[in-house]
Amino acid sequence: MRKPIIAGNWKMHYTVDEAVAVAKALTPLVKDAEADVVICAPYIHLPALVKELEGTNIKVGAQNMHFEEKGAYTGEIAPSMLTALGVEYVIIGHSERRQYFNETDETVNLKLKTAYRHGLLPILCVGESLEDREAGTTDAVIENQINKAFLEISPEDALKTVIAYEPIWAIGTGKTATSEQANETIRAIRHMVMNLYGAAIADAVRIQYGGSVKPSTIKEQMGMSDIDGALVGGASLVADDFAKIVNF
Ligand SMILES: O=C[C@H](O)COP(=O)(O)O
């Protein structure tokens, strides 16, 4: 039985004070959640959020990190900087990083390896563009992302990964993939994981859906056979809305 996991990705929103206020409002609303709850916030919010959420059931994640341990990488953040704060999760390979910041399948693979080495739990994002979907290449595109992401990664580490399936055309557009579409692709991803690691790991690995998830869509999505949670952008910014999603 896979435990659901709902993660909010606050992207580039809020000042530190605003972020803390949302976290404070969210805490009592999700305290009895059956799902794992994570908030992935901008780097400068992380110390204050870890402090605010200490002793609650809400975990804190980063939205990216560098794959190197340290060095001359101006503007970057090393994994040990995150773990030293008490950050537990890190999003790797979000489509916005792939699209705007030259994230490649190779850097995604390097970042995953670094995350495991530091005990950070990665949320690995994969997904197709609208052109891919219309061309009927969705599964092939995602299989390539999955195979390259997990290159030389052990089954034990693979199991720690949360995979987020995010069709790029559904992110921030209000166009949600239908629950059936999302479930079908997530089932295909599970099959890809099985090809790499066998049935036991494929059955156990948690795979989220992301892309315009809202309080009104989550129940049906979570009722699907293979959807184990959600990576939520816009609707995670408001405590009431995110709580409704978490408490689906
Ligand atoms: O990381 C979250 C996803 O990009 C989804 O964002 P969204 O819920 O605003 O569509």
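The chain carries the name Triosephosphate isomerase in an unreviewed UniProt entry, which gives Proteiniclasticum sediminis as its organism. Database annotation for the chain, UniProt heading Subunit (unreviewed entry): "Homodimer." According to UniProt, the comment filed for the chain under the heading Subcellular location (unreviewed entry) is "Cytoplasm".

Our next topic: the site of the ligand. Close contacts around the ligand come from 14 residues, with N9, I171, G210, G233 and G234 the closest. A breakdown of the residues in the shell around the ligand according to their chemical character gives five nonpolar, eight polar and one charged.

Right, let's talk about the sheet that holds strand β3 (residues 58-62) for a bit. The parallel closed barrel is built from eight strands, whose spatial order is β1-β2-β3-β4-β5-β6-β7-β8. The average undirected angle you get between the axes of adjacent strands in this sheet is 25 degrees. Where β3 lies against strand β4 (residues 89-92), two bridges are found, and the strand directions are parallel. Pairing of G61 across the sheet is with Y89, part of β4. Most of the contacts of helix α2 (residues 46-53) go to β3, to which it runs at about 170 degrees, and overall it touches β2 (36-40) and β3.

Quick look at the UniProt feature "active site" (unreviewed entry) in the chain now. In the numbering used here, UniProt assigns the "active site" (unreviewed entry) feature to H94 and E166. These annotated residues cover 73 residues of sequence, and their C-alpha atoms all fall within 8.5 Å of one another, placing them together at a single site. In this structure H94 touches Q63 and C125, once residues within four positions along its chain are discounted. Structurally, E166 is set in the loop between β6 (162-165) and α9 (179-197). Judged by the 28 C-beta atoms lying within 10 Å of it, E166 is buried. Beyond its immediate sequence surroundings of up to four residues, E166 is in contact with S95, C125, G127, I171, G210, G211 and L231.

Here the focus is the nonpolar core. In this structure, I123 and I245 are the most contacted members of the largest nonpolar core, which totals 69 residues. For this core, the element with the most residues is α9, which contributes five residues. Not counting the four nearest positions on each side in its chain, I123 is found in contact with A7, G61, Y89, I91, I92, V162, A164 and L231.

Okay, the packing of helix α7 (residues 138-149) against α9 next. When two helices pack together, their arrangement is given by the angle between the helix axes and the distance between those axes. Remark: α7 packs on α9, axes separated minimally by 10 Å, with the N-to-C direction vectors making an angle of 40 degrees. On the basis of their axis angle, the class for α7 and α9 is oblique. Crossing hand, α7 versus α9: right-handed. Residues T138, D139, I142, E143 and I146 of α7 form the contact with α9, whose participating residues are T185, A188, I189 and M192. In the contact of α7 with α9, the residues fall into five nonpolar, two polar and two charged.

UniProt tags N9, W10, K11, G172, S212, G233 and G234 as "binding site: substrate" (unreviewed entry). In summary, the annotated positions, though distributed over 226 residues, converge in three dimensions, the widest C-alpha pair being only 13.8 Å. Tracing the backbone shows W10 in the loop between β1 (5-9) and α1 (16-29). If we ignore the near neighbours within four places in the chain, the residues touching W10 are A19, I39, C40, A41, P42, S236 and L237. The topology assignment puts G233 in the loop between β8 (229-232) and α12 (239-246). Non-local contacts of G233, meaning those with residues more than four positions away in its chain, are made with N9, K11, I171 and G172.

What counts and how
Residues numbered from 1 in each chain as written. Predicted model: local features only at pLDDT ≥ 70, side-chain atom pairs only at ≥ 80, totals over all residues. UniProt positions renumbered as here; feature names shortened; annotations may be inferred. Near = placed C-beta within 6 Å. Nonpolar A, V, L, I, M, F, W, Y, C, P; charged D, E, K, R; others polar. Pairing = 2+ DSSP bridges. Helix = DSSP H or I, 4+ residues; strand = E, 2+ residues; numbered from the N terminus. Axes fitted to C-alpha atoms, helices over the stretch in contact; angles between N-to-C directions. Contact = placed C-beta atoms within 7 Å. Buried ≥ 20, exposed ≤ 12 C-beta atoms within 10 Å, placed from the backbone. Core = buried A, V, L, I, M, F, W, Y, C linked by C-beta atoms within 7 Å. Parallel < 35°, antiparallel > 145°, perpendicular 65-115°, else oblique. Left-handed = near helix turned anticlockwise from the far one by under 90°.

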